[in-house]
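Report on the structure
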Amino acid sequence: MTRVGIVGDGPGGLSAALFLAKGGHDVTVFGTDKTAMNYAYLYNYLGIPEISGTNFQTVAKRQVAGFGAELVEQEVTSITTGEGFSITTDEGSHQADYLILTEGKSPALALSLGVETDDDEAIVVDQDNRSSVDKVYVVGRSVRPKRSQAIISAGAGAVAALDIMSREEGKDIQDWDSPPKEDE
Ligand SMILES: Cc1cc2nc3c(=O)[nH]c(=O)nc-3n(C[C@H](O)[C@H](O)[C@H](O)COP(=O)(O)OP(=O)(O)OC[C@H]3O[C@@H](n4cnc5c(N)ncnc54)[C@H](O)[C@@H]3O)c2cc1C
């Protein structure tokens, strides 16, 4: 089972966690609930006419935990690379094969790993949200600080998750469900 460490419990990190946990992977999300969502009231999240950002977060965390992701309410203080990644908090260390960093507007950990930045010092990622460091994805407000929306972060988290699952399976993966049959 692939171990994925996710830093950030906003919509980007939680969306990535949902897809990966639903796909059967070992997912740990680190976050301190300092997401910008706690200041937002959403009228522009397609499919949800209106919701407070804090309520969105409550529902999303419950949904993600329901698929088996572990939510750890701790700040990550450092990440080191070697055989995979070692994610450190004040309470201990956690090993992961892949990293998804969704730190919001101040991506200190991503920068500490030496990810490539452009002339404006924005982190460079490809269309699958891969950074220049192998198996490190950077998602959401961290790569779009001046064009940040909740639905974009959630979409980018899903993109990164599908890419990890596709790499692991060696073929393209998409997570499609159909309505339950009437007699189910
Ligand atoms: C006042 C306000 C109103 C807004 N209104 C809207 C709106 O109406 N519609 C809309 O679409 N968007 C709105 N937004 C923007 C929206 O909140 C962001 O687009 C969205 O939160 C970005 O999601 P994200 O996952 O990329 O990052 P964030 O939500 O910022 O999440 C980053 C998370 O990473 C965690 N983190 C960072 N570093 C660490 C670490 N070292 N260890 C552990 N955790 C860490 C933080 O605590 C945080 O929880 C608003 C924002 C603000 C401030």
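Everything here concerns the structure above.
Here we summarise the structure given alongside this text. (Residues numbered from 1 in each chain as written. Predicted model: local features only at pLDDT ≥ 70, side-chain atom pairs only at ≥ 80, totals over all residues.)

**Considerations on the overall build of the protein**
If you tally the helices and strands in the protein, you get four helices and 10 strands. Sequence-ordered secondary structure for the protein, helices as α and strands as β, is β-α-β-β-β-α-β-β-β-β-β-α-β-α. Radius of gyration (C-alpha) of the protein: 16 Å, near the 16 Å computed for a compact globule of 184 residues. Projected onto its principal axes, the C-alpha positions of the protein cover 50 × 35 × 35 Å. Taking all 184 residues of the protein together, the buried fraction comes to 39%. Considering only residue pairs separated by 6 or more positions, the protein has 55% of its internal contacts joining residues 24 or more positions apart. (Helix = DSSP H or I, 4+ residues; strand = E, 2+ residues; numbered from the N terminus. Rg over C-alpha atoms; globule rule 2.2 N^0.38 Å. Buried ≥ 20, exposed ≤ 12 C-beta atoms within 10 Å, placed from the backbone. Contact = placed C-beta atoms within 7 Å.)

**Thoughts on helix H4 (residues 150–169)**
Relative to the 28 Å expected for 20 residues at 1.5 Å per residue, H4 spans 29 Å between its end C-alpha atoms, a close match to the ideal helical length. Every buried residue of H4 is accounted for by Ala 150, Ser 153, Ala 154, Ala 156, Gly 157, Ala 160, Ala 161, Leu 162, Asp 163, Ile 164 and Met 165. For H4, the secondary structure elements touched by its buried residues are strand S1 (3–7), helix H1 (11–22), strand S3 (41–42), strand S9 (98–101) and strand S10 (136–138). Directly beyond the C-terminal end of H4, a positive phi value near 75 degrees is found at Gly 170. (Expected span 1.5 Å × (residues − 1).)

**Describing the pairing of S1**
Burial runs high along S1: four of the five residues are buried. Here S1 pairs with strand S2 (residues 26–30) via five bridges, running parallel. Within the sheet, the bridge partner assigned to Val 4 lies in S2 and is Val 27. Taken together, S1, H1 and S2 constitute a β-α-β crossover, and its handedness is right-handed. In this sheet, S9 lies alongside S1 in parallel orientation, the contact comprising four bridges. Paired with Val 7 across the bridge in S9 is Leu 101. (Pairing = 2+ DSSP bridges. Right-handed = clockwise from strand over helix to strand, strands pointing away.)

**Notes on the sheet that holds strand S8 (residues 92–96)**
If you trace the three strands from one edge of the open sheet to the other, you get S6-S7-S8, paired in antiparallel fashion. Single-partner strands in this sheet number two, and they are strand S6 (76–82) and S8. Going across the sheet, the axis of each strand differs from the next one's by a mean of 20 degrees, ignoring polarity. Relative to S8, strand S7 (residues 84–89) is paired through five bridges, and the arrangement is antiparallel. Bridge pairing in S8 places Ser 86 opposite Gln 95. (Axes fitted to C-alpha atoms, helices over the stretch in contact; angles between N-to-C directions.)

**A few points about unusual backbone geometry**
Located in the positive-phi region is Glu 121, a residue other than glycine, with phi close to 65 degrees. Its 8 C-beta neighbours within 10 Å are what place Glu 121 among the exposed residues. The backbone of Lys 135 shows a phi angle near 70 degrees, a positive value even though the residue is not glycine. Within the secondary structure, Lys 135 is located in the loop between helix H3 (108–112) and S10.

Limitation: the analysis is restricted to geometry and does not speak to function.
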